[in-house]
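Next come the chains, spelled out residue by residue.
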Amino acid sequence: MIKNLQIFILFLALPILSYSQKVNTINWLNFEQLEDSLARKPKKTFIYFYADWCVYCKKMEQNAFKNAEIIEKLNSDFYAVKMNAESTDTINFEGQKFYNQQAESMRNGIHQIPLLLASRENFEFSLPVILILDEKFRVKNREFEYLTTKKMMELISIH
């Protein structure tokens, strides 16, 4: 009887535990999900390009992207997209196919989407990159450096 009661209590607690975990993470989307979301309801977009080897990217993920205020602000005010800039996936977005053309001829090639959105004239592509776009998908801000939790909050609060 006691064992059945413990199992029953565990099943009651699981939805609460899983809900609290979802609230503590950013609802990251991919570009296909973003396109569907923007079609249903226009909203500001936060795009984060990273690579597995990027030390500053990892540091932001451990600090700024774990901050409860930043998580809440991103989840409520933005569609948040996270993409590995070296991905070799083919992505269909706005009727076009994008892929990592550089990966055909070089190691650690950069995917077409980050190259289109985050390249700068006279600068080599670098990570991390954060883009803020308005409801019409126009770029409002581009950051090409590590952002502290404070700077990240300032960035998303002004947009």
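The rules behind these values
Residues numbered from 1 in each chain as written. Predicted model: local features only at pLDDT ≥ 70, side-chain atom pairs only at ≥ 80, totals over all residues. Heavy atoms only, no water. Helix = DSSP H or I, 4+ residues; strand = E, 2+ residues; numbered from the N terminus. Buried < 20%, exposed > 50% of the residue type's maximum accessible area, 1.4 Å probe, protein only. Contact = heavy atoms within 4.5 Å. Areas by Shrake-Rupley, 256 points an atom, 1.4 Å probe, with all protein chains shown as cover. Pairing = 2+ DSSP bridges. Axes fitted to C-alpha atoms, helices over the stretch in contact; angles between N-to-C directions. Phe/Tyr/Trp six-rings, centres within 6.5 Å; stacked < 30°, edge-to-face > 60°.

Per an unreviewed UniProt entry, the recorded name for the protein chain is Thioredoxin family protein, and the organism is Zunongwangia profunda.

### Describing the overall build of the protein chain
Scanning the protein chain from terminus to terminus reveals 6 helices and 7 strands. Mapped in sequence order, the helices and strands of the protein chain form the string α-β-α-β-α-α-β-β-β-α-β-β-α. In the protein chain, buried positions account for 38% of the 159 residues. Counting only contacts in the protein chain whose residues sit at least 6 apart along the sequence, the fraction spanning at least 24 positions is 63%. As displayed, the protein chain offers around 10200 Å² of accessible surface, 53% of which is attributable to carbon and sulfur atoms.

### Some words on the pairing of strand β6 (residues 129-133)
The element β6 is largely enclosed, with a buried count of 5 among its 5 residues. Side chains of β6 alternate between two faces, with Val129, Leu131 and Leu133 and Ile130 and Ile132 buried alike. Both strand β2 (residues 44-50) and β6 contribute to a ladder of 5 bridges, which runs antiparallel. Residue pairing in the sheet places Tyr48 in a bridge with Ile130 of β6. Bridging between β6 and strand β7 (residues 139-143) involves 4 bridges; their strand directions are antiparallel. Counterpart to Ile132 in the pairing with β7 is Asn141. A loop of 5 residues connects β6 with β7, the two strands running antiparallel in sequence, and Phe137 in this loop sits at a positive phi of about 65°.

### Quick word on the sheet that holds β6
Strand order in this open sheet of 5 strands is β1-β3-β2-β6-β7, and the pairing throughout is mixed. At either end of the open sheet lies a strand with only one pairing partner, and these are β1 (28-29) and β7. Where β2 and strand β3 (residues 78-84) come together, 7 bridges link them in parallel fashion. Looking at the pairing, Lys44 lines up with Phe78 of β3. Seen against the sheet, helix α2 (residues 31-40) touches β1, β2 and β3 and runs at an angle of roughly 165° to β3.

### So, unusual backbone geometry
For the bond running from Leu127 to Pro128, omega is 0°, close enough to zero to count as cis. Of note in the backbone geometry, Glu94 takes a positive phi value of approximately 50° without being a glycine. Looking at where Glu94 falls in the secondary structure, it is placed in the loop between β4 (91-93) and β5 (96-98).

### Side note on the packing of aromatic side chains
Within a pair of aromatic rings, the relevant descriptors are the distance that separates the centres and the angle that separates the planes. According to the stated counting rule, one finds 10 aromatic pairs in the structure shown. Relative to Phe93, the ring of Phe31 has its centre 5.5 Å away and its plane inclined at 80°; by these criteria the two rings are edge-to-face. Pair noted here: Phe31 is in helix α2 and Phe93 is in strand β4, with a separation of 62 residues, a long-range link. In this structure Phe31 comes out as buried when scored by relative accessible area, which is 2%.

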